[in-house]
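Structural characterization, general
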Amino acid sequence: MSVEMVNIFQQAEHPVLPKATHDEKARQEFAKSLKGFVQQGLLPGLGMVFQGRVARAFEKTHGRAPADRHDIRRAMVQDLYFQHYAATNRIAQELLWESVIDSIERDLPALNARAAELSAGSRAPLEVDPEFATPRYVTAIDIHCMPGGYAGEVAPGDVSTGALYDRGVYLYAMGYMGPHNDDMGRSVVNWLKRNLPDFAPERILDMGCTVGHSTLPYKEGFPDAEVTGIDVAGPQVRYAHARAAGLGLEVGFLQRNAEATGFPDNHFDLVVSHILLHETSGKAMPAIFRECFRILKPGGVMIHADLPPFDKVDPFAQFILDNETWYNNEPFWGAMREADQIAMAKAAGFPDPRFDTAPMAVMEFAAQTDDYADAAAVADREFTAGEYAPGGGWEILLARKAA
Amino acid sequence: MNAPAAMPQPQKPIRDAKGKRPQFYESPGLDQAMSMILVLASEFSAMRERVDTLERVLEQNGIEAGAAVEAYQPTPEVLTAREQWRQAFLGRLYYLARKDAADAARGDTEARFRDTIESIAES
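Residues numbered from 1 in each chain as written. Chains lettered and ligands numbered in written order. Predicted model: local features only at pLDDT ≥ 70, side-chain atom pairs only at ≥ 80, totals over all residues. Heavy atoms only, no water.

Here we come to unusual backbone geometry. Residues and elements named next belong to chain A. At Asn 181, a position not held by glycine, the phi torsion is positive, near 55 degrees. Looking at the secondary structure, you find Asn 181 in the loop between α6 (160-172) and α7 (183-195). One non-glycine residue with positive phi stands out, namely Thr 210, at about 45 degrees. (Helix = DSSP H or I, 4+ residues; strand = E, 2+ residues; numbered from the N terminus.)

Have a look at this one:
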C-alpha cells in the first residue's frame, strides 16, 4: 500500500454525515493514518518477531513448536513488539471514534432534526419500535469499541450512533469501501449479475443493515425490486432511512431481528447480509439461517458476506484475525469462524450451500475514472490477516432454496 | 434556601465504550501513557495540518507564504527569543530528569521519604 493509496477514496458527502471542523477532520485523518501505519508498518513485523524469537522461546520452554493459534497467542502477548502493535491498534480504534464524536457532539440536536426531516420526506417505510427487545449479543458490550454500541440512544429519535458508525466505518476501512462505504453490497450485486444473469429479484432483504451502506447498491443494481433493510438497532435504522433519502433513494428500513423477522413465508427472492453473522451468537446464527430459508421463495437465494472461516487460513493468520475478538470487542468473532457454516446451512434446509469469492467492486469503480488509478492495486492484493481490505474479494456463503 | 432548578442537560453522545479494556503492557500505567502519547501525536498532526492549511490559504490570497517563510531572516532578537523558548521547552520535557538530579543532590531516597513520613507521624 503506497502513501497515495491511503487517500484514494474520500467519503462522499450527504446531508446526515457529521460535518467536521478543520481540526476535527485532521484528527480523523490522523486516526485513519495510524490504522494504516499499524497495518503496513507494524503488522509485517509480527511474523518476523514470531519466527525470530517468540516461537523459539516457546519451543525452549515447552519442548515443542506452537501448535495452534492459542499457543501462538500465549507466547506473543508476552513480547514487547506485539504489545506495541496491539496497544497501538487499540488506541487507533479509540481515537477514531473519539475524533468523530467531537463533530457529532457539536451538531447533535441539529443532526437529529435533519434526519427526522429527511425521513419525513421519503415515501419508503421506516419502522422503529421503542419496545423492541435488542438482543444481548448486540448490547452486552459495545462492538468495535464504538461508544454507545449500535443501539445506544441519548435522545428521542436519536441517530448519533448511526452517524458515528457511518463516519467510523469510512475511517476504519481507510476508504477501501469506496466513497459510500458500499463495496460489500456492490461486490455481491456484481457477483449476482455475473453468476446468475437471469436472476431478477422482486423482493430483496438485507439483514443487519446498520446504516444501509451495503443495502443501497441492491436498489441501484435492481431498481425495480422492493429493497428492505432490517436491523436490531433503532438509531442505525433511523439514520439508514435518512441517509438513503438524502442520497435520493427510497429504501425501507425496519427495526427487526434477523432471527425472527415477522415477514411471511416464501416472501423474498434474495436475502443477504454483510459482516452480520460474526456480530450474532452461537444460537442466533443457525436461527438466522432457518429464518432465511423460511422467508425465501422456492428458488430464492441466500448470501452472507463475511471474512474467511478459520479453516481456510493458517494458525498464525488465525491468531492475527482472532485479535479482533480480544481487543476490538468482537465477542462472537472467533467462535463464528470456527463454526461449520456449510453444515448449518444444510440443517436449515438449503441443499447445496458453498463458499465463493465476490471480487471487490472497488476495482471496477476505479476503472471508470483515472482519479482512482491506484485502486486496482488494492483489489489485486492477496488476503492478509490483520489488514482491512481482503485482497481479491469478499468471502460469501451462498445457498439456494430448492425451486 | 430553595434547591436550584434542574438545568436542562444538553444532548451529548456516549463517550466510553462498554466492555473491559484489555491491558497490553505488564507495567501498570504504561497503557495510559501510550494513549496519552498518541493523543499528543494526534494534536501535533492536527496542528501541523492547520499550519499547512494556513500557508495554502495565504497562497490562494496572493501571499507566497511557503517561499516567504523560506526567505524569512530572523533578527538577533527573534533568534534569542526562539532559543529561549526551545530551552524552556526542553526543560519542561526533561522535568523528571531535573527532579532526579535534585533528589540525588539532596540525598533524597525512597527510604528517606518513608522515614520522614514515619517520623512526622510520631513527632
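And the narrative resumes.
Next up on the list: the environment of Leu 46 of chain A. Residue and element names in this part refer to chain A. Here Leu 46 lies in helix α2 (residues 22-62). Leu 46 sits in the buried class, given a relative accessible area of 0%. Between the alpha carbons of Leu 46 and Trp 191 there is a distance of 34 Å; along the sequence they are 145 residues apart. Once residues within four sequence positions are removed from consideration, Leu 46 is found in contact with Met 76, Tyr 81, Phe 82, Tyr 85, Phe 316 and Ile 320. (Buried < 20%, exposed > 50% of the residue type's maximum accessible area, 1.4 Å probe, protein only. Contact = heavy atoms within 4.5 Å.)

Residues and elements named next belong to chain A. A sheet is described by the order of its strands in space; here eight strands give the open sequence β1-β4-β3-β2-β5-β6-β8-β7, paired in mixed fashion. Across the chains shown, the open sheet's two edge strands, defined by having one partner strand only, are β1 (126-127) and β7 (354-359). One ladder, built from five bridges, connects strand β2 (residues 203-207) with strand β3 (residues 226-231); its direction is parallel. Bridge pairing in β3 places Arg 203 opposite Glu 226. α7 rests against β5 (268-274), β6 (296-306), β7 and β8 (393-400) of the sheet, and its axis sits at about 110 degrees to β7. (Pairing = 2+ DSSP bridges. Axes fitted to C-alpha atoms, helices over the stretch in contact; angles between N-to-C directions.)

Taken as a whole, the largest pocket encloses approximately 330 Å³ of empty space. Lining the largest pocket are 17 residues, and of these Glu 94 and Glu 98 of chain A together with Arg 15, Asp 16 and Ala 17 of chain B lie nearest its centre. Contributing elements (two or more residues each) for the lining of the largest pocket: α4 (80-120) of chain A together with α1 (30-60) of chain B. In terms of residue count, the dominant contributor to the lining of the largest pocket is α4 of chain A (six residues). (1 Å grid on protein atoms, 1.4 Å probe; cavity = no way out; pocket = protein on both sides within 12 Å on 5 of 7 lines; lining within 4 Å. Points joined across faces, edges and corners; volume = space filled by probe spheres on them.)

With that settled, the discussion passes to the interface of chain A and chain B. Contacts between the two partners involve 40 residues from chain A and, on the opposite side, 27 residues from chain B. At the boundary of chain A with chain B, total buried surface from both sides reaches about 3,000 Å², with 60% on carbon and sulfur atoms. One can count 13 residue pairs in polar contact (both at pLDDT 80 or more) joining chain A with chain B. Secondary-structure elements contributing two or more residues to the side of chain A that touches chain B are α2, α4 and α11 (315-327) of chain A. (Buried area = accessible area lost by both parts, 1.4 Å probe. Polar contact = N/O pair within 3.5 Å; in protein donor to acceptor, adjacent residues only side chain to side chain.)

So, on to empty space enclosed by the protein. Residues and elements named next belong to chain A. In the structure shown here, the tally under the stated rule is four cavities of 30 Å³ or more. Computed from the structure, the largest cavity encloses a volume of approximately 800 Å³. Around the largest cavity, the lining is made up of 49 residues, and of these His 144, Ile 275, His 278, Glu 279 and Glu 330 lie nearest the centre. Among the elements of the structure, α2, α4, α5 (136-139), α6, β3 and α11 are those that each provide at least two residues to the lining of the largest cavity. Looking at side-chain class alone, the lining of the largest cavity contains 24 nonpolar, 17 polar and eight charged residues. Considered as a void within the structure, the second largest cavity measures approximately 110 Å³ in volume. Together, Lys 35, Tyr 85, Ala 86, Asn 89, Arg 90, Gln 93, Tyr 172, Asn 323, Glu 324, Tyr 327 and Asn 328 line the second largest cavity. Among the secondary structure elements, those contributing two or more residues to the lining of the second largest cavity are α4 and α11. The element that contributes the greatest number of residues to the lining of the second largest cavity is α4, accounting for five residues. Across the lining of the second largest cavity, the residue classes tally to four nonpolar, four polar and three charged. (Nonpolar A, V, L, I, M, F, W, Y, C, P; charged D, E, K, R; others polar.)

To continue, consider the pattern of salt bridges. All names here are of chain B. Counted by the stated rule, this structure contains 40 salt bridges over all chains. Of the charged contacts, one joins Asp 103 and Lys 99 as a salt bridge, the two residues approaching to 2.9 Å between their closest N and O atoms. Of this pair, Asp 103 and Lys 99 both sit in helix α4 (residues 95-106), four residues apart, roughly one helical turn. You can call Asp 103 buried: its relative accessible area is 18%. (Salt bridge = Lys/Arg side-chain N within 4 Å of Asp/Glu carboxyl O.)

With that out of the way, let us pick up α4 of chain A. If you look at α4 of chain A, its biggest bend is around 75 degrees, right at Leu 108 of chain A, and the proline Pro 109 of chain A turns up within four residues after that. Structurally, the start of α4 of chain A carries an N-cap: the backbone nitrogen of Tyr 81 of chain A is 2.9 Å from a side-chain oxygen of Asp 79 of chain A. (Bend = angle between axes of the 7 residues up to and from the residue.)

Before going further, it helps to spend a moment on the pairing of β2 of chain A. Working note: regular strand, side chains alternate between the two faces of the sheet. Residue and element names in this part refer to chain A. With four of five residues buried, β2 lies mostly within the body of the structure. Read as a crossover between parallel neighbours, the route from β2 over helix α8 (residues 216-221) to β3 is right-handed. As judged from the four bridges shared by β2 and β5, these two strands associate in the parallel manner. Note that in β5 the partner of Leu 205 across the bridge is Val 271. (Right-handed = clockwise from strand over helix to strand, strands pointing away.)

On to the environment of His 70 of chain A, then. Secondary-structure assignment places His 70 of chain A in helix α3 (residues 69-76). Through-space distance from the C-alpha of His 70 of chain A to that of Pro 315 of chain A is 8.8 Å; in sequence the pair is 245 residues apart.

Bringing the packing of aromatic side chains into the picture now. Per the counting criterion, the structure on display carries ten aromatic pairs over all chains. Their ring planes at 45 degrees and their centres at 6.2 Å tell us that Phe 82 of chain A and Tyr 327 of chain A sit as a pair that is tilted. You can see Phe 82 of chain A sitting in helix α4 and its partner Tyr 327 of chain A sitting in helix α11, a full 245 residues away along the chain. The exposure classification of Phe 82 of chain A matches that of Tyr 327 of chain A, with both residues buried. One aromatic cluster in this structure is built from Phe 50, Phe 82, Tyr 85, Phe 316, Phe 319 and Tyr 327 of chain A together with Phe 24 of chain B. Above the face of the Phe 222 of chain A ring, Lys 193 of chain A is positioned so that its terminal group lies 4.5 Å from the ring centre. The ring of Phe 263 of chain A is capped by Arg 256 of chain A, whose NZ or CZ atom sits 4.9 Å from the centre of that ring. (Phe/Tyr/Trp six-rings, centres within 6.5 Å; stacked < 30°, edge-to-face > 60°. Lys NZ or Arg CZ within 6 Å of the ring centre and 35° of its normal.)

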